[in-house]
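Spelled out, the chains give:
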Amino acid sequence: MSMNAEGASLSLAEHLIRQSEQEAALTAMDAVLEAALAGRFTEDQCFRLFARLWTLKRIMYYVYGGWAQGINLNEYPPAVAYLFGKQIYDESTQEMQLCDEMLRRRWARTQKQLFAHPYAQFGTATRAGAYIFCLRALANYPQNVRIAALNLGPKVIELAWTEKFAKFFPDEALHAIFQSQLAETRSHVLMGKFHVEKFIQKHIDAELAKRLCAETRRDYLFFIEETARFALGLEQERAGTVAVSGDID
Amino acid sequence: MPGLKIAHDKCTECRMCYVVCREININAVVVSATSQHLLEIDDRCTYPKCTVCLMYCPAEGSIVETDTGRSLVPPPPEVWTEAQRWPR
């Protein structure tokens, strides 16, 4: 990669991270943390929060499965496949941690019951669904672009609110879980930076990365708003009716 | 009552113990809340009534008896009996 191209990619990575950090400065998760700090966060609300976060983490298998099918390993050096594998493993670890804690606290007695619990259901006509399907659709794009979209978008926002939870969440066990996830989530952001700096060289890839990053960021922010509303027991958005006016035949 | 613990210098973190323990709803194998996220066995473990993790662990010496430090992978014959393989 020439110096010019490298310079351009570097600024793209920084640009995407900066945009995501701005969005991450204040999110709906701050309201959750505020409630917890004020002692207004009940055990049931905690369960709601963990169940929603767990649902997202476990549905990421669906996203990564689609991406892995579309990855052309010969196009990239082994570092790309390694880092991608590591990211899948980390997400899996975090999913396990959330599930462990819910079982340990007896919010559900078995994993099977947890899967069936209304708090942990994955709904397609939800913000979580919109976010997941948005990510899954990135399977059609090259690995460098989709990693830029995820790791320099939602991952930056996730890192920001996880850092706050890791510092201030009053429940010691939960605080320790968030704290333990920080290094992994931070490594995903750095991996995204590495991908963009090294493998986004064409103008079209850079433009795609910007557009897709903005979309994933928006959808993730909607997801965390939905999660915070659910956890705090605020009124949920209602799914709209989809009217199909065209003749499908 | 004797328990089990994971010898991290031998464990490959393949997570088979986690999977089988979760499968039978004992849930004693957990991910530790440290940045290394090593697997640990907590006090929900019912060993010696259940030895299912020992059956599936592929890494010799990676699960040991807490009291004695004795390696249980592969499971010694007196541990791996018909009655103990799966919890009854």
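Residues numbered from 1 in each chain as written. Chains lettered and ligands numbered in written order. Predicted model: local features only at pLDDT ≥ 70, side-chain atom pairs only at ≥ 80, totals over all residues.

Caption draft 1: Here's a closer look at the overall build of chain B. In terms of helices and strands, chain B carries 2 helices and 4 strands. In sequence order, the secondary structure elements of chain B are arranged as β-α-β-β-α-β. The C-alpha radius of gyration computed for chain B amounts to 12 Å, which stays within 12% of the reference 12 Å derived for 88 residues, consistent with globular compactness. Referenced to the eigenvectors of the C-alpha coordinate spread, the extents of chain B come out at roughly 40 × 25 × 25 Å. (Helix = DSSP H or I, 4+ residues; strand = E, 2+ residues; numbered from the N terminus. Rg over C-alpha atoms; globule rule 2.2 N^0.38 Å.)

Caption draft 2: A look at the overall build of chain A. Helix and strand counts for chain A come out as 10 helices and 0 strands. When the helices and strands of chain A are placed in sequence order, the string is α-α-α-α-α-α-α-α-α-α. Taken over the C-alpha trace, chain A has a radius of gyration of 19 Å; the compact-globule value for 249 residues is 18 Å, and the two agree within 12%. In terms of its C-alpha atoms, chain A occupies a principal-axis envelope of roughly 55 × 55 × 30 Å. Put simply, of all contacts in chain A between residues at least 6 apart along the chain, 85% involve residues at least 24 apart. (Contact = placed C-beta atoms within 7 Å.)

Caption draft 3: A look at the environment of Leu16 of chain A. All names here are of chain A. For Leu16, the position within the fold is in helix H1 (residues 3-24). Placed 159 residues apart in sequence, Leu16 and His175 show a C-alpha to C-alpha distance of 28 Å. Sequence-distant contacts of Leu16, defined by excluding residues within four places in its chain, comprise Ala148, Leu152, Gly153, Val196, Ala209 and Cys213.

Caption draft 4: Structural view of the interface of chain A and chain B. On the side of chain B, 10 residues touch chain A, which itself brings 11 residues to the contact. Listed by contribution, the elements that provide at least two residues to the side of chain A that touches chain B are helix H4 (78-104) and helix H9 (172-199) of chain A. No other element matches H4 of chain A, which puts 5 residues into the side of chain A that touches chain B.

Caption draft 5: Region of the structure containing the packing of helix H2 (residues 29-37) of chain A against helix H8 (residues 154-168) of chain A. Residues and elements named next belong to chain A. Between H2 and H8, the least distance of the axes is 10 Å, while the angle of their chain directions is 5 degrees. Relative to H8, H2 is oriented roughly parallel. Counting all contacts with H2, which are made through Met29, Leu33 and Leu37, the residues of H8 involved are Trp161, Lys164, Phe165 and Phe168. Looking at the contact of H2 with H8 residue by residue, the classes come out as 6 nonpolar, no polar and 1 charged. (Axes fitted to C-alpha atoms, helices over the stretch in contact; angles between N-to-C directions. Parallel < 35°, antiparallel > 145°, perpendicular 65-115°, else oblique. Nonpolar A, V, L, I, M, F, W, Y, C, P; charged D, E, K, R; others polar.)

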